[in-house]
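# Observations on chain architecture
Next come the chains, spelled out residue by residue.
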Amino acid sequence: MTAYFSGVPDPSVPAQRVAFGTSGHRGTAFNGSFNEGHMLAITQAICLYRKEQGTDGPLFLGIDTHALSIPARATALEVLAANGVEVIIAEGDEYTPTPVISTLS
């Protein structure tokens, strides 16, 4: 958890750049490839893209069982709220992995 919040990615190190897998951002806080800086940048980019495209409907936000899902969701929610994006999450903080969210949109 500490590495997620204290790590600062170095864009000159390819292994520390944002990388997406089949279901989203991939990496680990311990090697600088998944941290709060990544989540801030990714979520802000999503907000800017939505605005550019004229998308103003709700955003469905999922969470899986990975260790950093909860802090990453908190980071994303802060950015989304700051941008005025309506967010829909599962009631009771239930897990909602990407395949579940994909079927909703």
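Since we're looking at a predicted model, the values are computed, not measured. (Residues numbered from 1 in each chain as written. Predicted model: local features only at pLDDT ≥ 70, side-chain atom pairs only at ≥ 80, totals over all residues. Heavy atoms only, no water.)

Further remarks concern the overall build of the chain. Looking only at helices and strands, the chain has 4 helices and 4 strands in total. Counting from the amino terminus, helix and strand elements in the chain follow one another as α-β-β-α-β-α-β-α. A compact globule built from 105 residues should have a C-alpha radius of gyration of about 13 Å, and the chain, at 14 Å, falls within 12% of that. With the C-alpha coordinates aligned to their principal axes, the bounding extent of the chain is approximately 35 × 30 × 25 Å. If you sum the accessible surface of the chain, you get close to 6,700 Å²; carbon and sulfur atoms cover 60% of it. If you average the places of the 5 positive and of the 10 negative side-chain charges in the chain, the two averages end up 8 Å apart. (Helix = DSSP H or I, 4+ residues; strand = E, 2+ residues; numbered from the N terminus. Rg over C-alpha atoms; globule rule 2.2 N^0.38 Å. Areas by Shrake-Rupley, 256 points an atom, 1.4 Å probe, with all protein chains shown as cover. Lys, Arg positive; Asp, Glu negative; His and termini not counted. Charge placed at Lys NZ, Arg CZ, Asp CG, Glu CD.)

Right, let's get into the pattern of salt bridges. Inspection of every chain in the model, using the stated rule, returns 1 salt bridge. Among the salt bridges present, the one from Arg73 reaches Asp93, with a minimum N-O distance of 3.3 Å. Pair noted here: Arg73 is in helix H3 (residues 69-82) and Asp93 is in the loop between strand E4 (87-88) and helix H4 (98-104), with a separation of 20 residues, a long-range link. (Salt bridge = Lys/Arg side-chain N within 4 Å of Asp/Glu carboxyl O.)

As a further point, take the environment of Pro99. Looking at the secondary structure, you find Pro99 in helix H4. Sequence separation between Pro99 and Gly62 is 37 residues; the distance between their C-alpha atoms is 9.3 Å.

Let us look at the nonpolar core. Among the nonpolar cores identified, the biggest contains 14 residues, and Tyr4, Phe34, Met39 and Leu80 are the most heavily contacted of them. Here this core takes 4 residues from H3, the largest share from any one element. (Core = buried A, V, L, I, M, F, W, Y, C linked by side-chain atoms within 4.5 Å. Buried < 20%, exposed > 50% of the residue type's maximum accessible area, 1.4 Å probe, protein only.)

Our next topic: the confidence of the model for the chain. Any segment with low pLDDT has predicted coordinates that should not be analysed in fine detail. Scored by pLDDT, the chain comes out at a mean of 89, with 97% of its residues at no less than 70. Across the chain, the secondary-structure element scoring lowest on mean pLDDT is strand E2 (residues 24-26), at 73, and the one scoring highest is H3, at 96. (pLDDT = per-residue confidence, 0-100.)

Scanning the entire structure with this criterion turns up 2 aromatic pairs. For the ring pair Tyr4 and Phe5, a centre distance of 4.8 Å and an interplane angle of 85° mean the geometry is edge-to-face. The class of Tyr4 is buried, set by a relative accessible area of 0%. Look at Tyr4 and Phe34: their rings are 6.2 Å apart centre to centre, the planes differ by 40°, and that puts the pair in the tilted class. Residue Tyr4 is located in helix H1 (residues 2-6), and its partner Phe34 is located in the loop between E2 and helix H2 (36-53); the two are separated by 30 residues in the primary sequence. Here the two residues Tyr4 and Phe34 agree in accessibility, since each one is buried. (Phe/Tyr/Trp six-rings, centres within 6.5 Å; stacked < 30°, edge-to-face > 60°.)

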